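Chain by chain, the residues run as shown.
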Amino acid sequence: QYPPAVVSGDFGPSDVNVSALLGGDPDGADSIYGTLDTLTVVFTVDTDMAQRKPGDLYTQAEVDTLLAFSGLIGDVYNGTWLDRRRFMVTIIDSTGHSNPTLGQFFVKTNKEGWVRNYPAVSGPTVSEGNLQEPRVALSGDFGPSSIYILGFVASSPNLRSDRYAVGAAFTVYFNEKTNRGDLPVSGLNKTMI
């Protein structure tokens, strides 16, 4: 006697959060961010994949609706769900990127991307982190390191000995400048080394 009721809306805020943003270089061609590299967003729980299927190709505009990066990622890119917890963006043309740097580059999901938990009962996800890490930074790598050791020299300038002793110095020479492991130039202690 009454028309069927239709349930709409949601049962509260989303419990879907970002757990990782991983850089990748599938071809391992170099160690710098560029064309054909990937950015994979990993979520804390299964998602409804925004009502899409694994492998469905997202256009650049659809990726931009789903995600907001803290900098430019290139002139041409697309994306796809790998599974319910991982969405991968592939850089087709990296021209114009703002140099995504490990530990200093971030992502945020957009409400308009309509990612919800699975099965979908929550509102859309807006997240750039999780309880342990409120803002998840880019990790992973963009290929094998091009840095290698050119030389290793041991010396004891104040000692006339061919054995290791207090005051001996070790110098490591690399083929290019490094970030020194983000350590200071001098005053390193045993734990730092």
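Reading guide: rules and limits
By convention here, each chain's residues receive numbers from 1 onward along its written sequence. Thresholds applied to this predicted model are a pLDDT of at least 70 for local features of residues and 80 or more for the giving and counting of side-chain atom pairs; totals over whole chains, interfaces and linings are not thresholded and use all residues. Side-chain measures were taken over the full set of non-hydrogen atoms in the model, leaving aside hydrogen atoms and water. Helical segments are the DSSP runs of H or I of at least four residues, strand segments are the runs of E of at least two, and each set is numbered from the N terminus. Between buried and exposed lies partly exposed: a residue is buried under 20% and exposed over 50% of the maximum accessible area for its type, with that area taken using a 1.4 Å probe on protein chains only. Paired strands, in this sense, are two strands between which DSSP finds at least two bridges. Patch construction takes residues with relative accessible area above 30% that form no salt bridge. Like charges are linked within 9 Å, and nonpolar side chains (Val, Leu, Ile, Met, Phe, Trp, Tyr) are linked within 5 Å. We get accessible surface area from the Shrake-Rupley algorithm with a probe of 1.4 Å; when it comes to residues, only the shown protein chains can shield them. Should a side-chain nitrogen of Lys or Arg be within 4 Å of a carboxyl oxygen of Asp or Glu, the pair is scored as a salt bridge. Residues are treated as being in contact if the distance between any of their heavy atoms lies within 4.5 Å. Here a cavity denotes grid points, spaced 1 Å and computed from the protein atoms alone, that fit a 1.4 Å probe unable to get out, and a pocket denotes an open set having protein on both sides within 12 Å along at least 5 of 7 lines; residues with an atom within 4 Å of a point are the lining. Grid points are joined across faces, edges and corners, and a volume is the space filled by probe spheres set on the points.

Caption draft 1: Expanded view of the environment of Ala61. Within the fold, Ala61 resides in helix α1 (residues 60–66). Measuring from C-alpha to C-alpha, the distance between Ala61 and Met192 comes to 45 Å, with 131 residues separating the pair along the chain.

Caption draft 2: Seen up close, the pairing of strand β1 (residues 18–24). The buried fraction of β1 is high, at five of seven residues. Both β1 and strand β2 (residues 38–43) contribute to a ladder of six bridges, which runs antiparallel. Bridge pairing in β2 places Leu22 opposite Thr40. Where β1 meets strand β8 (residues 138–140), three bridges bridge the pair, whose relative direction is parallel.

Caption draft 3: Inspection of the sheet that holds β2 at higher detail. Strand order in this open sheet of six strands is β3-β5-β6-β2-β1-β8, and the pairing throughout is mixed. The open sheet terminates on both sides in strands that have one partner only, identified here as β3 (57–58) and β8. As paired strands, strand β5 (residues 76–83) and strand β6 (residues 86–93) are joined by seven bridges and run antiparallel to one another. Looking at β6, one finds that Trp81 is bridged to Phe87.

Caption draft 4: Here's a closer look at a nonpolar patch on the surface. The grouping of Ile147, Ile149, Phe152, Tyr164, Phe170, Val172 and Phe174 at the surface amounts to a nonpolar patch, some 740 Å² of accessible area in total. Contributing elements (two or more residues each) for the nonpolar patch: β9 (149–155) and β10 (169–174). Counting residues per element, the nonpolar patch draws most heavily on β10, at three residues. The topology assignment puts Phe174 in strand β10. Among the residues examined, Phe174 registers a relative accessible area of 39% and is labelled partly exposed.

Caption draft 5: Seen up close, the environment of Ile149. Secondary-structure assignment places Ile149 in strand β9. When its relative accessible area of 53% is taken as the criterion, Ile149 is described as exposed. Measuring from C-alpha to C-alpha, the distance between Ile149 and Thr101 comes to 23 Å, with 48 residues separating the pair along the chain. Discounting residues that sit within four places of it in the chain, Ile149 has contacts with Val172, Tyr173 and Phe174.

Caption draft 6: Up close: the layout of surface pockets. Within this model, the largest pocket holds a volume of roughly 510 Å³. Around the largest pocket, the lining comprises 18 residues; the ones closest to its centre are Ser31, Ile32, Thr101, Leu102 and Asn179. Roughly 420 Å³ of internal volume is contained in the second largest pocket. What lines the second largest pocket is Phe170, Val172, Phe174, Thr178, Arg180, Leu183, Pro184, Val185, Leu188, Met192 and Ile193.

Caption draft 7: View of the environment of Val172. Within the secondary structure layout, Val172 lies in strand β10. Accessibility expressed as a relative area gives 35% for Val172, which makes it partly exposed. C-alpha separation for the pair Val172 and Phe152, spaced 20 residues apart in sequence, amounts to 4.6 Å. Excluding anything up to four places from it in sequence, Val172 contacts Ile149, Gly151 and Phe152.

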